[in-house]
Amino acid sequence: MDGMARDGGLASRVSAGGGRRQWSAAQKAAIVAESYAAGVRVSEVAARHGVNESLVFTWRRQARTSQAMVASERANEELQSSPASFVPVMLCDDAAADQRLQRAAGSIEIAVADVSIRVTVGADAATLAMVLAAVRGVG
């Protein structure tokens, strides 16, 4: 075999031993980056590199997950390295405050300097950590 097999008009790379091809992290990153270029179809990128389209989508998902984990770890390190501080709390006992609490059930509002952040149920912890780290960095 010459290392290339024809399958439905698309060329796919096959290793000499007939096993799976190993892709380095740099090769995967290059293919993923190419797949995100404007006007490019993932199927075309996959065919050009002789890889299954679903594998390119898997690599894209892994890259997004990896980037989110790195950002989350960085935000956690920043939050842990800064000293804790107290935040003023104001208690109200009026009907308007009760209505606000009922509307905001399941949400948290965080006020830092002149910035107000509302966090709803199901908010992604990694994203929230990044937002808080960014707000802390501005002030």
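Source: prediction; values computed, not measured.

Counting its regular elements, the protein contains five helices and four strands. In the protein, the succession of α and β elements from N to C terminus is β-β-α-α-α-α-β-β-α. Summed over its atoms, the accessible surface of the protein is roughly 10,700 Å², and 56% of this surface lies on carbon and sulfur atoms.

Further remarks concern the confidence of the model for the protein. Predicted confidence across the protein gives a mean pLDDT of 75, with 73% of residues reaching 70 or more. Every residue in residues 1–13 scores below 50 in pLDDT, and together they form 20 contacts with partners more than four places removed in sequence or on other chains.

The subject of this paragraph is the packing of aromatic side chains. Describing an aromatic ring pair means giving the distance of the ring centres and the angle of the ring planes. In this structure the tally under the stated criterion is one aromatic pair. Summarising the aromatic geometry, the rings of Trp 23 and Trp 59 are spaced 5.6 Å apart at their centres and angled 65° between planes, so their arrangement reads as edge-to-face. Linking Trp 23 in the loop between strand S2 (10–13) and helix H1 (25–35) with Trp 59 in helix H3 (residues 53–81), this pair joins segments that are 36 residues apart in sequence. Take Trp 23 and Trp 59: they sit in the same class, and that class is buried.

Further remarks concern the pattern of salt bridges. Scanning the entire structure with this criterion turns up one salt bridge. In this structure, Glu 34 engages Arg 48 in a salt bridge whose closest nitrogen and oxygen atoms are separated by 2.8 Å. A residue pair is termed long-range when its members are at least 10 positions apart, and Glu 34 in helix H1 and Arg 48 in helix H2 (residues 42–49) qualify at 14 residues. Classification of Glu 34 as partly exposed rests on a relative accessible area of 25%.

Right, let's talk about the packing of H1 against H2 for a bit. The interhelical angle for the contact between H1 and H2, taken along N-to-C directions, is 145°, at an axis separation of 9 Å. Once H1 is placed against H2, the crossing between them reads as right-handed. For the pair formed by H1 and H2, the contact residues are Ile 31, Glu 34 and Ser 35 on the first element and Val 42, Val 45, Arg 48 and His 49 on the second. For the contact of H1 with H2, a count of residues per class yields three nonpolar, two polar and two charged.

The next point concerns H3. With 29 residues, H3 should cover 42 Å at 1.5 Å per step; its first-to-last C-alpha distance of 42 Å lies within 8% of that length. Taken together, the buried positions of H3 are Val 56, Trp 59, Arg 60, Ala 71, Ser 72 and Ala 75. Between the side-chain oxygen of the N-cap and the backbone nitrogen of Ser 54 there are 2.9 Å, and the N-cap of H3 in question is Asn 52.

Criteria and thresholds
Along each chain, residue indices are assigned from 1 in the same order as the chain's sequence is written. Where totals are concerned, whole chains, interfaces and linings use all residues; where local detail is concerned, this predicted model gives features only for residues with pLDDT of at least 70, and gives and counts side-chain atom pairs only at 80 or more. Based on all heavy atoms of the structure, the side-chain values leave hydrogens and waters out of the count. Secondary structure is summarised from DSSP: a helix means a run of H or I of at least four residues, a strand means a run of E of at least two, and numbering begins at the N terminus for each. The method behind every accessible area is Shrake-Rupley, applied with a 1.4 Å probe, and residues are considered shielded solely by the protein chains displayed. The quantity known as pLDDT measures the predictor's confidence residue by residue, on a range of 0 to 100. Note on contacts: a residue pair qualifies if any of its non-hydrogen atoms lie within 4.5 Å across the two residues. For Phe, Tyr and Trp, where Trp contributes only its six-membered ring, two rings pair if their centres lie within 6.5 Å, and the inter-plane angle classes them as stacked under 30 degrees, edge-to-face over 60, or tilted in between. We call a residue buried when its accessible area falls under 20% of the maximum for its residue type, exposed when it is over 50%, and partly exposed in between, using a 1.4 Å probe and counting protein chains only. Throughout this description, the term salt bridge denotes a Lys or Arg side-chain nitrogen within 4 Å of a carboxyl oxygen of Asp or Glu. Lines are fitted to the C-alpha atoms to define the axes, a helix being fitted only along its stretch in contact, and any angle between axes, read from their N-to-C directions, falls within 0 to 180 degrees. Handedness of each helix crossing follows the sense of rotation of the near helix against the far helix: counterclockwise by less than a right angle gives left-handed, clockwise gives right-handed. Note on residue classes: Ala, Val, Leu, Ile, Met, Phe, Trp, Tyr, Cys and Pro are nonpolar, Asp, Glu, Lys and Arg are charged, and everything else, Gly too, is polar. Expected span, for any helix, means 1.5 Å times one less than how many residues it has. Within 3.5 Å is the distance limit for a polar contact, defined as a pair of N or O atoms, with the added protein rule that one can donate a hydrogen and the other accept it, and that residues adjacent in sequence qualify only through two side-chain atoms.

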